[in-house]
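A look at the structure
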Amino acid sequence: MGIFLVISGFLLANFRRGQRSDVLRAAANALVADVRRMQTGALAGGIAGDGAVGYGLHVDLAHPNRYVLFGDRSHDPDGANGRYDVGEEVPGGIVTLPGNTIITAVAPSAATNDILFTAPRGLVTIMPVISGATEATVTLRARDGGSEQHVTINAISGQVSVE
């Protein structure tokens, strides 16, 4: 009977760890899908005629449980400013991560990063501009530690991947 209880305890503990891993993997895949939606919006010339000149992802480590999808509509003399400004969210653009998943790091290293796809070619701009940076990586992790998922956006090819 004691052996059965010990084995049951191990199985239950591993089941919970697997469940957390599934939630983390689903959050990373949802982030990839959202980034690709912004990229497609730039290539298509807009999302629902909102007048944006580019679409992107805004990550702020001060709010580690969410990210923002935005359409850059700032009209300065040189065009859009390439950054998220309050009020530029696309419909459903403030995305809360599921469960206890949080964003723990963004590279290139900064507390706030914006990745912008500019219409009509989908050119990628990573803000803040750091010399030599050709990729942006968002790291997701369960709040209680454990495994990580890395979502990478390549500024040269526009490829979005998860590892």
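Let me begin by describing the structure that accompanies this report. Fair warning: this is a prediction, and the values are worked out from it, not measured in the lab.

Calculation criteria
Residues numbered from 1 in each chain as written. Predicted model: local features only at pLDDT ≥ 70, side-chain atom pairs only at ≥ 80, totals over all residues. Heavy atoms only, no water. Pairing = 2+ DSSP bridges. Helix = DSSP H or I, 4+ residues; strand = E, 2+ residues; numbered from the N terminus. Axes fitted to C-alpha atoms, helices over the stretch in contact; angles between N-to-C directions. Salt bridge = Lys/Arg side-chain N within 4 Å of Asp/Glu carboxyl O. Buried < 20%, exposed > 50% of the residue type's maximum accessible area, 1.4 Å probe, protein only.

**Description of the sheet that holds strand β8 (residues 148-154)**
Each strand in a sheet pairs with its neighbour through backbone hydrogen bonds, running either in the same direction (parallel) or in the opposite one (antiparallel). Ordered by their spatial adjacency, four strands build an open sheet running β4-β7-β8-β9, and the pairing between neighbours is antiparallel. Strand pairing shows two members of the sheet lacking a second neighbour, β4 (101-107) and β9 (160-162), which therefore form its edges. Going from strand to strand, the sheet's axes swing by 20° on average, the running direction of each strand aside. In terms of strand pairing, β4 meets strand β7 (residues 135-142) through six bridges, oriented antiparallel. Looking across to β7, one finds that I102 is bridged to R141.

**Section: the pattern of salt bridges**
One pass over the structure, following the stated rule, counts three salt bridges. The residue R25 makes a salt bridge to D22 at a minimum N-O spacing of 2.7 Å. Of this pair, R25 and D22 both sit in helix α1 (residues 2-44), three residues apart, roughly one helical turn. According to the relative accessible area criterion, D22 is partly exposed, its value standing at 44%. For R83, the salt bridge is made with D114, and the minimal N-O distance between the two is 3.9 Å. Of this pair, R83 sits in the loop between β2 (66-72) and β3 (89-96) while D114 is found in strand β5 (residues 112-118), placing the two residues 31 residues apart along the sequence. By relative accessible area, which is 31% here, R83 ends up partly exposed.

**Regarding the pairing of β2**
Most of β2 sits out of view: six of its seven residues are buried. As judged from the five bridges shared by strand β1 (residues 54-60) and β2, these two strands associate in the antiparallel manner. Within the sheet, the bridge partner assigned to H58 lies in β2 and is V68. Taken together, β1 and the strand that follows it, β2, pair antiparallel across an intervening segment of five residues. As defined by bridge partners, β2 adjoins β3 across four bridges and the pair is classed as antiparallel. Of the residues in β3, the one forming a bridge with Y67 is V95.

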